[in-house]
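Chain and residue survey
So the chains spell out like this:
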Amino acid sequence: MIVCKFGGTSVADADAIGRVIDIIVSKREQQPVVIVSALGGATNQLLDIAHKAANGELLVAVQIIEQLRDRHLREAATLLAGTPDADEVAHDISVTFDELAHLAEAFRTLGYLTPRSLDTVAAIGELLSSQIVAAAFRQRGFPGVYVDARDVMRTNDFFTKAEPDTDGIASAAQQRIIPLLQQGKIPVMGGFVGATGSRVTTTLGRGGSDYSASLIGAAIEATAIEIWTDVDGMLTADPRIIPAARLIERISFDEAAELAAFGAKVLHPATIAPAVQLGIPVFVFNSRRPEGKGTMIAFDAPRLPVRAIAGKRSATMVKLRSSRMLLAPGFLRRVFEVFERHRTSVDVVTTSEVSVSVTLDDTHNLAAILQDLAEFGDVSVERRSGVLAIVGAGISDGGAALAQAIAALGPIPVRMASLSATGINFTLVVDDEQVVPAMQRLHAAFFEGGAT
Ligand code: ADP
Ligand code: ASP
Ligand code: MG
């Protein structure tokens, strides 16, 4: 059994869905479970509809609803014309968008959105794409079966970032997915979407379809998880920023997890964990070039000083200076409890005898965090920061790579630097607008023979 997940661009339209079917059909003896994202861009549009409606822009919201309805109907009609499924799928699409139009009116009247209502809206993309893809398999003569993600992906009720109940998912997968595979069927399920024990719709957070794939892979003890996307695999940097980025053929789980957490959007940061725990390899392939080698993410990989670099902009640096720190055991624990209390995770951390500096991605609760931290000492904030991650299992072997990284940055000022204790990630905080030039310099130094 394998799990194959197709991202938004890989199911963007009828042609792309046709390629998905070809890929899956070539793997039938491996008993694939198919997980799909929403049609490319649909999730953004769905969330936009909800926000516009709650802001009183109902007409604009309705226009986007009609665009999305037309797009789904058009792609479904292209794929399913003349099949017994065509009318039923078209009917489901129309009913869904009628309901969305009613919801939009309700949001306009209320003037606000709740995380729970946002999840109900965001989930529509995957619930529809999975029905369309399952029917498209049948149109081509293969036994695709739609599986409602809400029947399998049990989560808690942390709407918009729900956490999976892995035992619940494992038993639901045994009941709903395994029998289909045993009967030679091709289960097709939406990623990203889940439901609470009382079946209220939830989502796993943006980019969460990768996470769904990995959770299902763990639940059915798959032999492999394949992430099919729009690039050849994991590359030495984001190719949108560094066109010269190169394919990584094999990368360790730890390295991939670090890269994902530091901006390599190709994989959702949490994706790796359920797979790592069971030692299931994860592959990344390009759905437009299925013959490519792709990347294998495995327990280990040949040790290199630098495997890849990642960068993310729009980070916020918080610095706390406190003369009490030196004397007080348990001080750091109390400082980090503040972030925990406000459900905010910390990225890069550095400490000295009198200060602690951290970077944050999520600043929703920043005001409350700053207020609580002020009890410990002087707090300052630099919003326009960015984080670079230079990742490689051998990054600290002998120190040459660390020196090379600093040298490569040349005149770009480094605001914070941290080498992880596992010696796998050297993170540097720079000013936000320096992230791209810094990545260009680092990539040139490590992967392009030193040219800048
Ligand atoms: P999907 O819709 O298939 O989930 P995403 O857009 O979430 O695709 O992720 C794929 C994108 O990740 C690529 O188009 C690429 O721009 C970006 N990306 C960022 N860092 C990397 C990297 N190191 N290697 C490959 N792709 C990367
Ligand atoms: N469609 C969702 C998103 O855009 C989930 C995913 O594609 O992974 O965030
Ligand atoms: Mg993605």
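What comes next concerns the included structure.

With that settled, the discussion passes to the site of ligand 2. Around ligand 2 lies a shell formed by S37, T43, E126, F192, R206, G207, G208 and S209. Contact distances for ligand 2 include 2.8 Å between an oxygen atom and a backbone N or O atom of G207. Here ligand 2, which alone exposes 260 Å², has 85% of that area covered by the protein. Its residues assigned to classes, the shell around ligand 2 shows one nonpolar, five polar and two charged.

Further remarks concern the sheet that holds strand β15 (residues 416–419). Pairing in this open sheet of six strands is antiparallel, and the strands run β12-β13-β11-β14-β16-β15 from one edge to the other. At either margin of the open sheet sits one strand with a lone partner, and together these are β12 (346–351) and β15. Strand-to-strand twist across the sheet, computed as the mean angle between neighbouring axes with direction ignored, equals 30°. Pairing between strand β14 (residues 378–391) and strand β16 (residues 425–431): seven bridges, direction antiparallel. Within β16, the residue paired with I390 across the bridge is F426. Across the sheet, helix α10 (residues 253–261) lies against β11 (308–321), β14 and β16, angled at about 65° from β11, the strand it touches most. Each of β11, β12 and β13 (355–360) is contacted by helix α12 (residues 331–341), which is oriented at about 25° to β13, the strand it contacts most.

Taken together, 16 residues surround ligand 1, and among them T229, L235, D238, R240 and K265 come closest. Between ligand 1 and T229, the relevant distance is 2.7 Å, taken from an oxygen atom to a side-chain nitrogen or oxygen of the residue. One nitrogen or oxygen atom from the side chain of D238 is found 2.8 Å from an oxygen atom belonging to ligand 1. Burial of ligand 1 by the surrounding chains reaches 90%, relative to a free accessible area of 580 Å². For the shell around ligand 1, a count of residues per class yields seven nonpolar, four polar and five charged.

Let us look at helix α5 (residues 115–122). The set of residues buried in α5 consists of S117, L118, D119, V121 and A122. Here the buried face of α5 lies against α2 (42–54), α4 (85–110), α6 (124–139) and β6 (201–203).

Within the secondary structure, A445 is located in helix α15 (residues 435–447). Spatially, the C-alpha atom of A445 lies 40 Å from that of L47, the residues being 398 residues apart in sequence.

In an α-helix there are 3.6 residues to a turn, and that puts residues three or four apart on one side. Between the first and last C-alpha of α2 there are 19 Å, a value that for 13 residues agrees with the 18 Å anticipated at 1.5 Å per step. Looking only at α2, the buried set comprises A42, T43, L46, L47, I49, A50, A53 and A54. Angular distribution of buried residues about the axis of α2 spans 145°; they occupy a single face of the element. For α2, the secondary structure elements touched by its buried residues are α3 (58–80), α4, α5 and α6. Positive phi shows up at G56, right after α2, with a value of about 90°.

In total, this model carries five aromatic pairs according to the counting rule given. A centroid spacing of 5.9 Å and a plane angle of 15° characterise the contact between F6 and W228, whose relative ring orientation is stacked. Placement of F6 in strand β1 (residues 2–6) and of W228 in strand β7 (residues 224–229) is noted, with a sequence separation of 222 residues between them. Here F6 and W228 have matching classes, each one buried. Looking at K312, its charged tip hangs above the ring of F262, at a distance of 5.0 Å from the centre. The lysine or arginine in question, R343, covers the ring of F158, its NZ or CZ lying 4.5 Å from the ring centre.

Core analysis: the biggest nonpolar cluster contains 109 residues, and F6, I216 and M234 have the highest contact counts within it. Ignoring anything within four residues of it in the chain, the contact list for M234 reads R246, L247, I248, I251, A256, L259, A264, V266, L267, V284, T295 and I297. Membership of the second largest hydrophobic core comes to 25 residues, among which are A237, L402, A408 and V430.

This part is about the pattern of salt bridges. Two side chains with opposite charge may pair up if their charged atoms get near one another. A complete count under the given rule lists 29 salt bridges for this structure. Note that R138 and D85 form a salt bridge whose closest N and O atoms lie 2.8 Å from each other. Within this pair, whereas R138 is found in helix α6, its partner D85 is found in helix α4, the two being separated by 53 residues in sequence. Its relative accessible area of 16% is what places D85 among the buried residues. Of the charged contacts in the structure, one is a salt bridge between D151 and R199, with a shortest N-O distance of 2.8 Å. Separated by 48 residues along the polypeptide, D151 in the loop between β3 (144–147) and α7 (166–176) and R199 in the loop between β5 (193–195) and β6 bring together distant segments of the chain. Under the relative-accessibility criterion, D151 is labelled buried at 16%. Through salt bridges with shared partners, a single ionic network connects D148, R150, D151, R176 and R199.

Scoring rules and cut-offs
- Residues numbered from 1 in each chain as written.
- Chains lettered and ligands numbered in written order.
- Predicted model: local features only at pLDDT ≥ 70, side-chain atom pairs only at ≥ 80, totals over all residues.
- Heavy atoms only, no water.
- Near = heavy atom within 4 Å.
- Polar contact = N/O pair within 3.5 Å; in protein donor to acceptor, adjacent residues only side chain to side chain.
- Areas by Shrake-Rupley, 256 points an atom, 1.4 Å probe, with all protein chains shown as cover.
- Nonpolar A, V, L, I, M, F, W, Y, C, P; charged D, E, K, R; others polar.
- Pairing = 2+ DSSP bridges.
- Helix = DSSP H or I, 4+ residues; strand = E, 2+ residues; numbered from the N terminus.
- Axes fitted to C-alpha atoms, helices over the stretch in contact; angles between N-to-C directions.
- Contact = heavy atoms within 4.5 Å.
- Buried < 20%, exposed > 50% of the residue type's maximum accessible area, 1.4 Å probe, protein only.
- Expected span 1.5 Å × (residues − 1).
- Arc of directions from axis to C-beta.
- Phe/Tyr/Trp six-rings, centres within 6.5 Å; stacked < 30°, edge-to-face > 60°.
- Lys NZ or Arg CZ within 6 Å of the ring centre and 35° of its normal.
- Core = buried A, V, L, I, M, F, W, Y, C linked by side-chain atoms within 4.5 Å.
- Salt bridge = Lys/Arg side-chain N within 4 Å of Asp/Glu carboxyl O.

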